Amino acid sequence: ALVEKGSFRHFMEKEVHEQPESCQRTLSAYLDPVACAVRDDIKAGIDFSQIVRIQIIACGTAFYAGSIARYAFEKLAGLPVDVEVASEFRYRTPAITPGTLAVAVSQSGETADTLAALRWCKEQGMHTAAVVNVHSSTMAREADLMWPTHAGPEIGVASTKAFTAQLSALLSLVVCAARQRSRITAHEEAHLVQVLLGAPGLIAEAMAMDAEITRVTYDLSKARDVIYLGRGDMYPLALEGALKLKEISYIHAEGYAAGELKHGPIALIDENTPVVVIAPDDALFEKTASNVQEVAARGGRVIMITNVPEKVPALSGDAGKSLKVITAPSCDAFIAPLVYSVPIQLLAYHTAVHKGTDVDQPRNLAKSVTVE
Ligand code: G6P
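What you see is a predicted model; the values in this text were computed from it and never measured. (Residues numbered from 1 in each chain as written. Predicted model: local features only at pLDDT ≥ 70, side-chain atom pairs only at ≥ 80, totals over all residues.)

Some remarks on the site of the ligand
Note the following rule: To decide nearness, the C-beta atom of each residue is placed from the backbone, and the residue is near a molecule or strand if that atom lies within 6 Å of it. Each helix is a run of H or I in the DSSP string that is no shorter than four residues. Each strand is a run of E no shorter than two, and both are numbered from the N terminus. Asp, Glu, Lys and Arg are counted as charged, while Ala, Val, Leu, Ile, Met, Phe, Trp, Tyr, Cys and Pro are counted as nonpolar; the rest, among them Gly, fall into the polar class.
In the neighbourhood of the ligand, 16 residues make up the surrounding shell, with Gly60, Thr61, Ser106, Ser108 and Thr111 lying closest. The dominant element in the shell around the ligand, judged by the number of residues it contributes, is helix H4 (residues 60-77), at 3 residues. When its residues are assigned to classes, the shell around the ligand shows 6 nonpolar, 9 polar and 1 charged.

Some thoughts on the sheet that holds strand S4 (residues 81-85)
Just so we agree on the cut-off: Two strands pair under a simple rule: DSSP has to find at least two bridges between them. Simply put, an axis is a line fit to the C-alpha atoms, just over the touching stretch for a helix, and the angle between two N-to-C directions goes from 0 to 180 degrees. Throughout, a residue-residue contact means that the two C-beta atoms, derived from backbone geometry, are no farther apart than 7 Å.
Strand order in the open sheet formed by 5 strands is S4-S3-S5-S6-S7, with parallel pairing between adjacent strands. In this open sheet, the two edge strands, each paired with only one partner strand, are S4 and strand S7 (145-148). Strand after strand, the sheet turns through a mean of 20° between neighbouring axes, direction not considered. Each of strand S3 (53-58), S4 and strand S5 (100-106) is contacted by H4, which is oriented at about 170° to S4, the strand it contacts most. Contacts between helix H8 (residues 161-180) and the sheet are confined to S5, strand S6 (127-132) and S7, with S6 contributing the most and set at about 140° to the helix.

Remarks on helix H6 (residues 112-123)
Under the convention used in this document: Multiply 1.5 Å by the residue count of a helix minus one, and that product is the helix's expected span. With C-beta atoms placed from the backbone, a residue is labelled by how many other C-beta atoms lie within 10 Å of its own: buried for 20 or more, exposed for 12 or fewer, partly exposed between the two.
For H6, spanning 12 residues, the distance from its first C-alpha to its last is 16 Å, which sits close to the expected 16 Å at 1.5 Å a residue. Those residues of H6 not exposed but buried are Asp113, Thr114, Leu115, Ala117, Leu118 and Cys121. On the buried face of H6, the contacting elements are S3, helix H5 (86-89), S5, S6 and helix H7 (138-142). Among the residues trailing H6, glycine 125 stands out with phi positive, at a value near 90°.

With respect to the packing of H8 against helix H15 (residues 336-355)
The line we're drawing: Should an angle fall under 35 degrees it is called roughly parallel, over 145 degrees roughly antiparallel, and 65 to 115 degrees roughly perpendicular, with every other angle called oblique.
Between H8 and H15, whose axes approach to 10 Å, the crossing angle comes to 175°. In terms of orientation, H8 and H15 fall into the roughly antiparallel class. Of H15, the residues touching H8 (which contributes Phe163, Thr164, Leu167 and Ser168) are Pro337, Leu338 and Ser341.

Comments concerning the nonpolar core
In a soluble, globular protein the nonpolar side chains are often hidden away together inside. Here is the rule we go by: A set of buried residues qualifies as a nonpolar core if it consists of Ala, Val, Leu, Ile, Met, Phe, Trp, Tyr and Cys joined through C-beta atoms within 7 Å. Where each domain begins and ends is defined by an automated method or by a domain database.
Counting residues in hydrophobic clusters, the biggest one holds 121 residues, and the most contacted among them are Ala104, Val174 and Val339. Per element, the largest residue contribution to this core is 13 residues, and it comes from H8. Lining this core are residues from two domains, each supplying at least three of them: domain 1 (11-197) and domain 2 (205-355). Beyond its immediate sequence surroundings of up to four residues, valine 174 is in contact with Ala69, Ala72, Phe73, Leu76 and Ala77.

A closer look at the pairing of S3
Quick reminder of the rule: By the criterion used throughout, a crossover qualifies as right-handed when its path from the first strand across the helix to the second strand runs clockwise, the strands pointing away from the viewer.
By the criterion of burial, S3 is predominantly enclosed, with 5 of the 6 residues buried. Direction of pairing for S3 relative to S5: parallel, over a ladder of 6 bridges. Paired with arginine 53 across the strands is threonine 100, a residue of S5. In this view, the connection linking S3 to its parallel neighbour S4 by way of H4 has right-handed handedness.

So, helix H12 (residues 234-249)
Compared with the 22 Å implied by 1.5 Å per residue over 16 residues, the 22 Å span of H12 between its first and last C-alpha is a close match. Counting buried residues in H12 gives 15 out of 16 residues, a clear majority hidden from the surface. Within two residues after H12, tyrosine 250 carries a phi angle of roughly 60°, on the positive side.

Some words on the domain arrangement of the protein chain
For the protein chain, the domain assignment lists domain 1 (11-197) and domain 2 (205-355). The gap between the C-alpha centroids of domain 1 and domain 2 is 27 Å. Taken together, the contacts link 22 residues of domain 1 with 21 residues of domain 2. Contributing elements (two or more residues each) for the side of domain 1 that touches domain 2: helix H1 (11-17), helix H2 (19-30), H4, H8 and helix H9 (186-197). For the side of domain 1 that touches domain 2, the element with the most residues is H4, which contributes 6 residues. Looking at the side of domain 1 that touches domain 2, its residues break down into 14 nonpolar, 7 polar and 1 charged.

Written out as structure tokens, the structure reads:
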């Protein structure tokens, strides 16, 4: 079917705005809103209590979705997870732990490196699963289990709604794993399911950040380098934010774990290097806030994305004047990666629009890389 942009300027913009629906569709496939539990047909295909370890393999944005899911699988389900880019995994002869479930994550289900890695895992006798948006794809066919995302067709080369659909599916599977491994009670399962089902509404609320974001992106579009910082699962989201900016605005961007700042990247900080800090009000907020002060003390311009603007440390002098705070909706930490995906996508989008680059078809990039 022909997909149209409608009233949006670009497919990417349209796809960002479709996320309340695409996440809702994906979550509905995994979660039963009446029973407040993971759906029986999802549970039937898998017994996470028999799995010793998960190996996630993916490329690009899908790799960051897997990297975010790792934090939740380990924390809530007590399940060790390794995540690796498929192009490395497939060529390095990884050691295999018996009882490993290999999970390929891919929008297209056709990415050459991910497919090769998945096939290798199968040959080694591993149990395999594929989280895919194209349900008739090669990975969907070849993996033992197919875990669908329901983002619908994604046209923009830079992935947005497929990413949050992957997060929706993976976080639902975390709840399934936590329950099957007796890490949570039925009551806790019901709570987490409710939290997840609340995500589409919060993603819709996050769209309201658009106005505040457009106020900072003109400046951002003039930068040569941008640094993204986050802690915990906001760290891989910082990496995804940097990737989005690079892909569509051609501005050099790097994501760092905020705690790693002092081990190198702080040397790059000056008034010409904006620093985007993703800092929801979670257990790590104070730590990230102190990183903001370190950046400000070196003249860095900070753009802070947080739901607690009142807790952002007061900065003196030029740092105080250049500090920009973008207010996000408050949410449970479990779904923060979904909610904070929106501002980082909008930040990249509006920066690229200011620069006048080809947002939907960035130079040198392909939607699906089916040859090596
Ligand atoms: C290409 C696309 C990215 C995507 C990556 C993996 O590089 O430009 O947006 O994240 O491939 O694609 P997949 O279809 O496997 O998710």
